[in-house]
Amino acid sequence: QVQLVESGGGLVQAGGSLRLSCAASGSFVSIDAMGWYRQALGQQRELVAHISIGAGTNYADSVKGRFTVSRDNAKNTVYLQMNSLKPEDTAVYYCNAAIKTGTALSTFTHDYWGKGTQVSVSS
């Protein structure tokens, strides 16, 4: 069983910072691409940031210059550093990862989702 657990959410004032973490646990071979998504009340879930296994990154235009995604493969963890937070960033943030399970000769890649962590930014 593979699980993704997010942490680091909370309440902050506009202009403040938070760092989200997402750690994978369980039995798996490796983690491929990982991404952060968010969903505000009454809104569709949207991609915030994406990081490949080679550490290439992609960001939503709304967070470029403010958010930074990174990963620590030794810890099976992806991070999202969020600076200059705005009330519009308020949402539940979800971690997504493509994870290989099985053996070295027979692996299967599946998408996994965390349960989300709340980020609330007050004005």
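Check the entry above for the structure.
Predicted model only: the values in this text are computed from it and were never measured. (Residues numbered from 1 in each chain as written. Predicted model: local features only at pLDDT ≥ 70, side-chain atom pairs only at ≥ 80, totals over all residues. Heavy atoms only, no water.)

Visitor: So, the overall build of the protein: which residues are in play, and what are the values?
Guide: What the protein contains, in helices and strands, is zero helices and eleven strands. Its C-alpha atoms give the protein a radius of gyration of 15 Å, near enough to 14 Å, the size a compact globule of 123 residues would have. When its C-alpha atoms are laid out on the principal axes, the protein stretches across 50 × 25 × 25 Å. Taking all 123 residues of the protein together, 39% fall into the buried category. Nonlocal contacts in the protein, meaning residues at least 24 apart in sequence, comprise 56% of its contacts between residues at least 6 apart. Accessible surface, the protein as shown: approximately 6,600 Å² in total, 48% of it carbon and sulfur. (Helix = DSSP H or I, 4+ residues; strand = E, 2+ residues; numbered from the N terminus. Rg over C-alpha atoms; globule rule 2.2 N^0.38 Å. Buried < 20%, exposed > 50% of the residue type's maximum accessible area, 1.4 Å probe, protein only. Contact = heavy atoms within 4.5 Å. Areas by Shrake-Rupley, 256 points an atom, 1.4 Å probe, with all protein chains shown as cover.)

Visitor: Break down the sheet that holds strand β7 (residues 67-72) for me, with residues and values.
Guide: Strand order in the open sheet made by the four strands is β1-β3-β8-β7, with antiparallel pairing throughout. Where the open sheet ends on each side, the last strands, each with one partner, are β1 (2-7) and β7. For this sheet, the mean inter-axis angle between neighbouring strands, taken without regard to orientation, is 15°. Pairing of strand β3 (residues 18-26) with strand β8 (residues 77-82) involves six bridges; the strand directions are antiparallel. When the bridges of β8 are listed, R19 appears paired with Q81. (Pairing = 2+ DSSP bridges. Axes fitted to C-alpha atoms, helices over the stretch in contact; angles between N-to-C directions.)

Visitor: With reference to specific residues and values, describe the environment of S25.
Guide: By the secondary structure assignment, S25 is in strand β3. Taking relative accessible area as the criterion, S25 reaches 34% and is therefore assigned partly exposed. Sequence-wise, S25 and Q3 are 22 residues apart; in three dimensions their C-alpha atoms are separated by 5.3 Å. Look past the residues within four positions of S25 in its chain and what remains in contact with it is Q1, V2 and Q3.

Visitor: Explain the pairing of β1 residue by residue, including any values.
Guide: Looking along a regular strand, one sees the side chains alternate between the two faces of the sheet. Along β1, the buried face is formed by V2, L4 and E6; none of Q3, V5 and S7, which line the opposite face, is buried. Bridge count between β1 and β3: six bridges; the pairing is antiparallel. Across the sheet, the residue bridging to S7 is S21, located in β3.

Visitor: Outline the pattern of salt bridges, supporting the account with residue identities and numerical values.
Guide: In the structure shown here, the tally under the stated rule is four salt bridges. Its salt-bridge partner being E46, residue R38 comes within 2.8 Å of it at the nearest N-O pair. Between D89 and R38 there is a salt bridge, with its nearest N and O atoms 2.9 Å apart. Of the two residues, D89 is situated in the loop between β8 and β9 (91-102) and R38 in strand β4 (residues 30-39); the sequence distance between them amounts to 51 residues. Like R38, D89 is buried. Each of R38, E46, R66 and D89 takes part in a single network of salt bridges with overlapping partners. (Salt bridge = Lys/Arg side-chain N within 4 Å of Asp/Glu carboxyl O.)

Visitor: So what's going on with the packing of aromatic side chains? Residues and values would help.
Guide: Per the counting criterion, the structure on display carries one aromatic pair. Over the aromatic face of W113 sits the side chain of R45, whose NZ or CZ is 4.9 Å from the ring centroid. (Phe/Tyr/Trp six-rings, centres within 6.5 Å; stacked < 30°, edge-to-face > 60°. Lys NZ or Arg CZ within 6 Å of the ring centre and 35° of its normal.)

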